[in-house]
Amino acid sequence: MSEPYYITTAISYPNGRPHIGHAYEAIAADVIARFQRLQGRDVRFQTGTDEHGLKMARKAEEQGKTPRELADEMSGYFQAMCDGLDVSYDRFIRTVDADHHVASQAIWKAMEAKGDLYLDRYEGWYSVRDEAYYDESELTAGEGEEKLSPQGTPVEWTVEESWFFRLSKYQEPLLELLKSPGFLEPESRRNEMIAFVESGLRDLSVSRTSFDWGVKVPDSDGHVMYVWVDALTNYITGLGYPDDTEMWRKFWPASLHLIGKDIVRFHTIYWPAFLMSAGIALPKQVFGHGFLLNRGQKESKSLGNVTDPMELAESFGVDTLRYFLMREVAFGQDGSYSPEAIVTRTNAELANSFGNLAQRTLSMIHKNMDGRLEAFETTEADEALLATVRSACHEGLPREFEKLAFSIGIDEWMKAVYACNQYVDDQAPWGLKKTDPERMKAVLQTLYLAIRDLALAIQPVTPTKAAAVLDMLGIPAGERLYADLPDRGWFDALVAKGHVVEKPMPAFPRLELPEESS
Ligand code: ME8
């Protein structure tokens, strides 16, 4: 039985169209999901949209729409973005889905049954942009009278009757959880959360009466749940909670909640506390990735630098964009992108190095060997190259990807690609055609073996292009798991069946900068 693996992204606010940060998170989660599938795990992957709350209600009002109309329209863009970027989710959840209301009310009732909910009056600061309550001590001064949240968003004074969750009761278990190795990664985010808990937790306001766009609080007229209560619950709705389904038993607790660094507090303090209260097991890991910046700057409407991720994918190609994002940014830290950086990085590594290696090798086999593979003897140099490639693909890259260190894992892979190109230069197969045709065949077929390993290993990052190379090589679809890497029987099988290498199509053509960005 393969080990189940459940991964989720944050669910995005569909109060506008998706931006590059949304694309970044979806792609990273997809790389992890695909990587785990290639490791032979049984993966469930959930993403979606977070559609309730004041932020959505206000945006809809501004546009003269109902919140539901706005949510329906915008959620579609998020799902289309995931589809367009080859994000292989199993469920795209919307918090307006009927089963999500059932699950949210069920967790509410479980917390209430535990005695953790009580009615009181809330008086304090609220940021609609963050959908978060803040303590006076966390605020900074903005312009004039304005006060700002730690995220730099305006806060407003709020007074209303509200249900409260006894967060303070969970101070000790939360501290223990935050200190337990591996729960919150990267480690740099841990201290801030520990300090926040140590400073003393106040009970949390968990319902609103001033608007009705949300999940209704059971048996409490006029109250809708605080949007984060229902939003976080999406992770268990998607497995069938509160029913004791097979999916629930298989995939909960989640292996990984992948989120951005700005919402770590919700995922490592509020969510575990709700789960403890409801008697539900805690997720195994929360990873707070960094922010993606446009030439070092946050994207915003006022700076006019907001990029549609689908336009980037159209200009540069889906797999190229995916590769760039996972390669360029040290996962966990903030990173920057620009069209120049995408072109420079991917031309150097994908077009000129890996793509060219595959193209040259397959062309030479097609031209000089009539595309026919045959059994061959390897030399020490050939075996040394194959060992380098094998170790990068079978050990280096998977070891780093398991730690979510994607750029380091890809670096290991890239070094093996460079080793192949060095081998081509050293062996100069083109010159061997006349002098030693047998050796030429051995060199080209050694490269054939190497390219198969390289294409197989990089599948999570560039799924379509890697599949195209594996197809050209003739690798059967059912033999592309990481566990297949050490095997070489596939080559003998291709020889036996008389596989013919066709004239190859370039997998990664060189990119040019689009006019407007050069
Ligand atoms: O926070 N770079 O939704 P959201 C990288 N609905 N990641 C970024 C980013 C950037 N520039 N900007 C945002 C919400 N993100 C809530 C989540 S989960 C139960 C509810 C990330 O649309 C952000 O950190 O504001 C979050 O993980 C995700 O995009 C959705 O952000």
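Residues numbered from 1 in each chain as written. Predicted model: local features only at pLDDT ≥ 70, side-chain atom pairs only at ≥ 80, totals over all residues.

Asker: So, the overall build of the protein chain: which residues are in play, and what are the values?
Answerer: Assigned secondary structure in the protein chain consists of 18 helices and 16 strands. Taken against the 2.2 N^0.38 rule, which gives 24 Å for 518 residues, the C-alpha radius of gyration of the protein chain at 26 Å falls within 12% of a compact globule. Taken over the C-alpha atoms alone, the protein chain extends approximately 90 × 55 × 40 Å along its principal axes. Residue burial in the protein chain is summarised as follows: out of 518 residues, 44% are buried. Look at the contacts in the protein chain between residues 6 or more apart in sequence, and 75% of them connect residues 24 or more apart. (Helix = DSSP H or I, 4+ residues; strand = E, 2+ residues; numbered from the N terminus. Rg over C-alpha atoms; globule rule 2.2 N^0.38 Å. Buried ≥ 20, exposed ≤ 12 C-beta atoms within 10 Å, placed from the backbone. Contact = placed C-beta atoms within 7 Å.)

Asker: Summarise the site of the ligand; cite the residues concerned and give the values.
Answerer: Neighbouring the ligand are 18 residues; Ala10, Ser12, Gly21, Asp50 and Gly260 lie closest to it. For the shell around the ligand, the secondary structure elements donating two or more residues are α1 (20-38), α7 (227-237) and β13 (256-260). With four residues, the single largest contributor to the shell around the ligand is α1. (Near = placed C-beta within 6 Å.)

Asker: Quick rundown of the UniProt feature "domain: Methionyl/Leucyl tRNA synthetase" (unreviewed entry) in the protein chain? Include the residues and the values.
Answerer: UniProt's feature table lists "domain: Methionyl/Leucyl tRNA synthetase" (unreviewed entry) at residues 5-139 and 154-362, given in the numbering used throughout. In this annotation, residues 154-362 is assigned 44% helix and 16% strand; the end-to-end C-alpha distance for the span is 59 Å. (UniProt positions renumbered as here; feature names shortened; annotations may be inferred.)

Asker: So what's going on with the sheet that holds strand β2 (residues 42-49)? Which residues, and what values?
Answerer: Judged by pairing direction, the sheet is parallel, and its six strands sit side by side in the order β3-β2-β1-β13-β14-β9 without closing on themselves. At either end of the open sheet lies a strand with only one pairing partner, and these are β3 (91-94) and β9 (184-185). The pairing of strand β1 (residues 4-9) with β13 spans three bridges and is classified as parallel. Across the sheet, the residue bridging to Thr9 is Leu258, located in β13. (Pairing = 2+ DSSP bridges.)

Asker: Break down the domain arrangement of the protein chain for me, citing the residues and quoting the values.
Answerer: Parsing the protein chain into structural domains produces domain 1 (4-116 + 166-289) and domain 2 (348-497). Taken together, the eight residues of domain 1 in the interface contact eleven residues of domain 2. Among the elements that line the side of domain 1 that touches domain 2, the one with the most residues is α1, at four residues. Residue composition of the side of domain 1 that touches domain 2, grouped by class: four nonpolar, two polar and two charged. (Domains from an automatic or database assignment. Nonpolar A, V, L, I, M, F, W, Y, C, P; charged D, E, K, R; others polar.)

Asker: Which residues make up unusual backbone geometry, and what values go with them?
Answerer: For the bond from Tyr241 to Pro242, the omega torsion is 10°, close enough to zero to count as cis. Mapping Pro242 onto the fold places it in the loop between α7 and α8 (246-251). Phi is positive for Asp219, which is not a glycine, with a value near 55°. For Asp219, the position within the fold is in the loop between β11 (207-208) and β12 (224-225). Given 10 C-beta atoms within 10 Å, Asp219 falls into the exposed group. If you check the backbone angles, Leu404 has positive phi at about 65° while not being a glycine. With respect to the helices, strands and loops of the structure, Leu404 is situated in the loop between α13 (380-402) and α14 (406-427).

Asker: Quick one: what's the story with the sheet that holds strand β10 (residues 204-205), residue by residue and with numbers?
Answerer: Spatial strand order, β5-β4-β8-β10: four strands in an open sheet with antiparallel pairing. Looking along the sheet, the strands with just one partner apiece sit at the ends: β5 (132-134) and β10. Bridge count for strand β4 (residues 117-127) against strand β8 (residues 156-165) is ten bridges, and the pairing is antiparallel. The residue bridging Gly124 from the neighbouring strand is Thr158, located in β8.

Asker: Give a detailed account of the nonpolar core, specifying residues and quantitative values.
Answerer: By size, the foremost hydrophobic cluster in this structure holds 143 residues, and its most contacted members are Ile7, Phe274, Trp413, Cys420, Ile451 and Leu454. Counting contributing residues per domain, this core is built from domain 1 (4-116 + 166-289) and domain 2 (348-497), each supplying no fewer than three. Beyond its immediate chain neighbours, meaning those up to four positions away, Leu454 contacts Phe354, Val389, Cys393, Trp413, Ala416 and Val417. (Core = buried A, V, L, I, M, F, W, Y, C linked by C-beta atoms within 7 Å.)

Asker: Residue-level account of helix α12 (residues 339-368), with values.
Answerer: The sharpest bend along α12 reaches about 45° and sits at Asn347. Positive phi appears at Asp370, one or two residues downstream of α12, with a value of about 55°. (Bend = angle between axes of the 7 residues up to and from the residue.)

Asker: Break down the pairing of β1 for me, citing the residues and quoting the values.
Answerer: Moving residue by residue along a regular strand, the side chains alternate between the two faces of the sheet. Of all six residues in β1, five are buried, a share of seventy percent or more. Relative to β2, β1 runs parallel, the two being bridged by five bridges. When the sheet's bridge partners are listed, Tyr5 is paired in β2 with Val43. The parallel pair β1 and β2, bridged by α1, forms a crossover whose chirality is right-handed. (Right-handed = clockwise from strand over helix to strand, strands pointing away.)

Asker: How would you summarise the environment of Phe196 if you had to cite specific residues and measurements?
Answerer: Along the chain, the position of Phe196 falls in helix α6 (residues 190-198). Note: C-alpha distance between Phe196 and Leu175 (21 residues apart in sequence) is 9.8 Å.

Asker: So what about the environment of Pro339? Which residues, and what values?
Answerer: Mapped onto the secondary structure, Pro339 falls in helix α12. We classify Pro339 as partly exposed; it has 18 C-beta atoms within 10 Å. Considering only alpha carbons, one finds Pro339 and Leu312, 27 residues apart in sequence, at a separation of 8.3 Å.

Asker: An account of α7 is requested, with residue identities and associated values reported.
Answerer: For an α-helix, 3.6 residues make a turn, and residues three or four places apart therefore share a direction. In terms of burial, α7 is a largely internal element, eleven of the eleven residues being buried. Residues of α7 that are buried: Val227, Trp228, Val229, Asp230, Ala231, Leu232, Thr233, Asn234, Tyr235, Ile236 and Thr237.

Asker: Account for the environment of Leu312, with residues named and values stated.
Answerer: Within the secondary structure, Leu312 sits in helix α10 (residues 309-316). Looking at Leu312, the number of C-beta atoms within 10 Å reads 22, which means it is buried. Counting along the chain gives 292 residues from Leu312 to Ile20, while the straight-line C-alpha distance between them is 9.0 Å. In this structure, Leu312 is in contact with Thr307 and Leu321, ignoring residues within four places of it in sequence.

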